[in-house]
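Coordinates in review
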Amino acid sequence: MKQLGKLMLVFVVFVSAIFTYINPEAQAAQDDHWEKIKKRGELRVGLSADYAPYEFEHNVNGKSEYAGIDIELAKKIAKDNNLKLKIVNMQFDSLLGAIKTGKIDLIISGMTPTPERKKELDFSDPYMSVTQKMIIKKSEADHLKTIDDFANKKIGVQKQTQQETIAQNEIENAQVQSLTRVPEVIMSLKSGKVDGMVIEGPVAEAYLKQNNDLQFADGVKFNEGTKNTAIAVPKNSPVLMNKLNSSIKDVKDKGLIADYKEKAAEAMKKDDGNFITKYGSFFLKGIKNTILISIVGVLLGTVFGAMIALLKLSKVKPLRWLASAYIEFLRGTPLLVQVFLVYFGTTAVLGLDISALICGMIALVINCSAYIAEIIRAGINAVDKGQTEAARSLGLSYGQTMKSVILPQAIKNILPALGNEFVTVIKESSIVSVIGVSEIMFNAQVVQGASFDPFTPLIVAAILYFILTFTLSRVMYFFEGRLKVSD
Ligand code: ARG
């Protein structure tokens with residue numbers, strides 16, 4: 001009964017959380033943004049590290065480090081204000097949500113101040129300006145020359161960027177294909193899924209250097225040619241804004257951007273060594289975290305799942321309903337959505353300051369608990385009714401019947417299904433990469449950015465997932481065999 005109480009509590013918190021979210025007052029605390037940063041002593045800068053030379057990861061003695069113009073700028077701002085710096089790396093299209101929910105304090109991500117964005121955010125003075133370019137496959141160069149040649153063609157862009165708008169507005173009848181990360185768009189281009197990519201000049205150069213099959217479509221000129229790059233700040237943060245602008249002024253006065261560019265170019269140089277020596281450590285870290293979150297997901301998921309299964313089997317109708325609602329909701333909504341709900345919900349709604357890793361685990365545990373509840377319930381139900389009747393007529397209580405007669409038999413149905421769930425979780429856990437949890441998929445993406453090779457890291461990730469799941473299912477077959485023997 002105690003567990004029931006706890007469960008109810010969780011449910012009530014969840015529901016009231018949803019209501020506070022609908023109530024806008026819960027979001028009004030952003031006036032004293034600077035105060036919050038100062039108190040914390042840490043500046044959280046959000047960016048999407050797929051954007052060399054602005055921000056990318058590179059390997060320094062087998063360890064990944066952030067580098068780039070934006071990173072240097074962020075370091076300077078932190079230093080000017082005596083703050084520690086925390087880089088929060090995520091998809092470009094998640095940055096807006098992250099800053100709105102207070103996950104990050106600033107966006108320094110090669111971002112262009114656009115009228116739409118200015119409705120939601122404020123922008124600092126610009127610190128750079130860049131030109132918009134089109135890149136294509138070399139082999140297509142003789143028939144893709146001017147912007148008119150791209151009419152009706154497939155154009156790749158990074159999702160939610162200025163380049164997406166440009167492709168839509170300036171190319172006649174373009175079929176714009178937006179992907180979340182720059183390396184993915186590059187890969188579409190290389191494999192011929194799109195005919196051209198709209199991309200900012202310096203970023204294009206970084207990728208062209210490493211991909212000899214690509215080149216600029218030099219004849220293409222966009223009206224929205226040159227664009228500024230600035231730091232995005234939550235609305236109504238005058239103090240913070242002043243501090244940023246004075247750091248930017250200093251950067252310009254001292255001509256530091258040139259230094260930053262040079263440093264970035266240095267970091268972009270391919271270091272020697274083969275793929276494994278250079279990037280092996282990224283994948284190792286990924287494997288460790290994938291295993292960790294999967295184990296936590298299945299173990300805690302089993303604990304909660306068992307509780308929910310009991311609720312669902314209970315004699316009390318409302319409890320059964322509650323359990324059904326929980327299970328149906330979680331099985332009826334995508335894990336991807338749940339992950340974002342937990343990630344943004346914990347800060348925006350509950351005001352908690354939880355790391356991406358923990359958020360990812362929470363989402364997986366909740367999701368698993370619903371599936372496992374059904375596994376356990378089905379396992380118990382599959383035990384022949386006659387067993388209960390026989391036990392009860394022998395004088396065993398309900399509890400005793402469950403413990404000594406039903407559960408031991410149910411376990412045989414449950415364990416193999418739990419094993420399958422484990423395999424599923426290992427694969428599904430790749431979804432938490434979207435909030436920046438450093439598991440296998442996330443690290444594969446990091447390596448895509450660091451190596452400018454969009455394909456190989458994916459192959460490695462696939463092999464690693466396969467090794468994990470294949471080993472696990474072999475182990476399970478073994479135990480299943482043992483269970484049968486013990487029959
Ligand atoms: N400047 C473009 C924009 O603001 C693209 C920025 C993309 N940044 C990134 N880190 N991927 O829309």
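Located above this text is the structure these notes cover.
In short, a report on the structure. (Residues numbered from 1 in each chain as written. Predicted model: local features only at pLDDT ≥ 70, side-chain atom pairs only at ≥ 80, totals over all residues. Heavy atoms only, no water.)

**Things to note about the overall build of the chain**
Broken down by element type, the chain carries 18 helices and 14 strands. Summarising its shape, the C-alpha atoms of the chain cover approximately 90 × 50 × 45 Å along the three principal directions. In the chain, which comprises 487 residues, the proportion classed as buried is 49%. Contacts spanning at least 24 positions in sequence make up 75% of the contacts within the chain whose residues lie at least 6 apart. Total accessible area on the chain is roughly 23,900 Å²; 59% of this is exposed by carbon and sulfur atoms. Averaging the locations of the 57 positively and 50 negatively charged side chains of the chain gives two centres separated by 8 Å. (Helix = DSSP H or I, 4+ residues; strand = E, 2+ residues; numbered from the N terminus. Buried < 20%, exposed > 50% of the residue type's maximum accessible area, 1.4 Å probe, protein only. Contact = heavy atoms within 4.5 Å. Areas by Shrake-Rupley, 256 points an atom, 1.4 Å probe, with all protein chains shown as cover. Lys, Arg positive; Asp, Glu negative; His and termini not counted. Charge placed at Lys NZ, Arg CZ, Asp CG, Glu CD.)

**A short note on the packing of helix H3 (residues 69-80) against helix H10 (residues 256-268)**
Put simply, H3 and H10 touch, their axes get as near as 8 Å, and they point 125° apart. Here H10 runs oblique to H3, going by the angle between their axes. Here H3 runs over H10; the crossing is right-handed. Of the residues in H10, those in contact with Ile69, Glu72, Leu73 and Lys76 of H3 are Leu256, Ile257, Tyr260, Lys261, Lys263 and Ala264. (Axes fitted to C-alpha atoms, helices over the stretch in contact; angles between N-to-C directions. Parallel < 35°, antiparallel > 145°, perpendicular 65-115°, else oblique. Left-handed = near helix turned anticlockwise from the far one by under 90°.)

**Things to note about the site of the ligand**
Taken together, 15 residues surround the ligand, and among them Gly110, Thr112, Arg117, Gln158 and Gln162 come closest. Glu55 places a polar side-chain atom, nitrogen or oxygen, 2.9 Å from a nitrogen atom of the ligand. At 2.9 Å from a nitrogen atom of the ligand is found a side-chain nitrogen or oxygen belonging to Ser109. In the complex, 100% of the free accessible area of the ligand, which totals 350 Å², lies under the protein chains. Residues that form the shell around the ligand fall into these classes: three nonpolar, eight polar and four charged. (Near = heavy atom within 4 Å. Polar contact = N/O pair within 3.5 Å; in protein donor to acceptor, adjacent residues only side chain to side chain. Nonpolar A, V, L, I, M, F, W, Y, C, P; charged D, E, K, R; others polar.)

**A few points about empty space enclosed by the protein**
Unfilled space is identified by rolling a water-sized probe across the atoms. Inspection of every chain in the model, using the stated rule, returns five cavities of 30 Å³ or more. Of the pockets and cavities examined, the largest cavity occupies roughly 140 Å³. For the lining of the largest cavity, the element with the most residues is helix H17 (residues 440-451), which contributes four residues. Taken together, the residues of the lining of the largest cavity break down into five nonpolar, six polar and three charged. (1 Å grid on protein atoms, 1.4 Å probe; cavity = no way out; pocket = protein on both sides within 12 Å on 5 of 7 lines; lining within 4 Å. Points joined across faces, edges and corners; volume = space filled by probe spheres on them.)

**What about the environment of Lys153?**
With respect to the secondary-structure elements, Lys153 resides in the loop between strand E8 (128-137) and strand E9 (154-158). Sequence spacing of Lys153 and Glu428 is 275 residues, and the spatial spacing of their C-alpha atoms is 34 Å. Residues contacting Lys153, with those up to four places away along its chain left out, are Leu144, Ala174, Gln175 and Asp195.

**Examining the environment of Tyr51**
As for its position among the elements, Tyr51 is in strand E2 (residues 50-51). C-alpha of Tyr51 to C-alpha of Pro202: the two residues are 151 residues apart in sequence and 9.2 Å apart in space. The contacts of Tyr51, once residues within four sequence positions are left out, are Ser109, Gly110, Gln158, Gln163, Val182, Glu200 and Val203.

**Re a nonpolar patch on the surface**
On the surface, Phe329, Leu336, Val337 and Leu341 cluster together to form a nonpolar patch covering roughly 350 Å² of accessible area. When residues in the nonpolar patch are grouped by element, the largest group, three residues, is from helix H13 (residues 335-348). Along the chain, the position of Val337 falls in helix H13. (Patch = residues over 30% accessible without salt bridge, like charges linked within 9 Å, V, L, I, M, F, W, Y side chains within 5 Å. Salt bridge = Lys/Arg side-chain N within 4 Å of Asp/Glu carboxyl O.)

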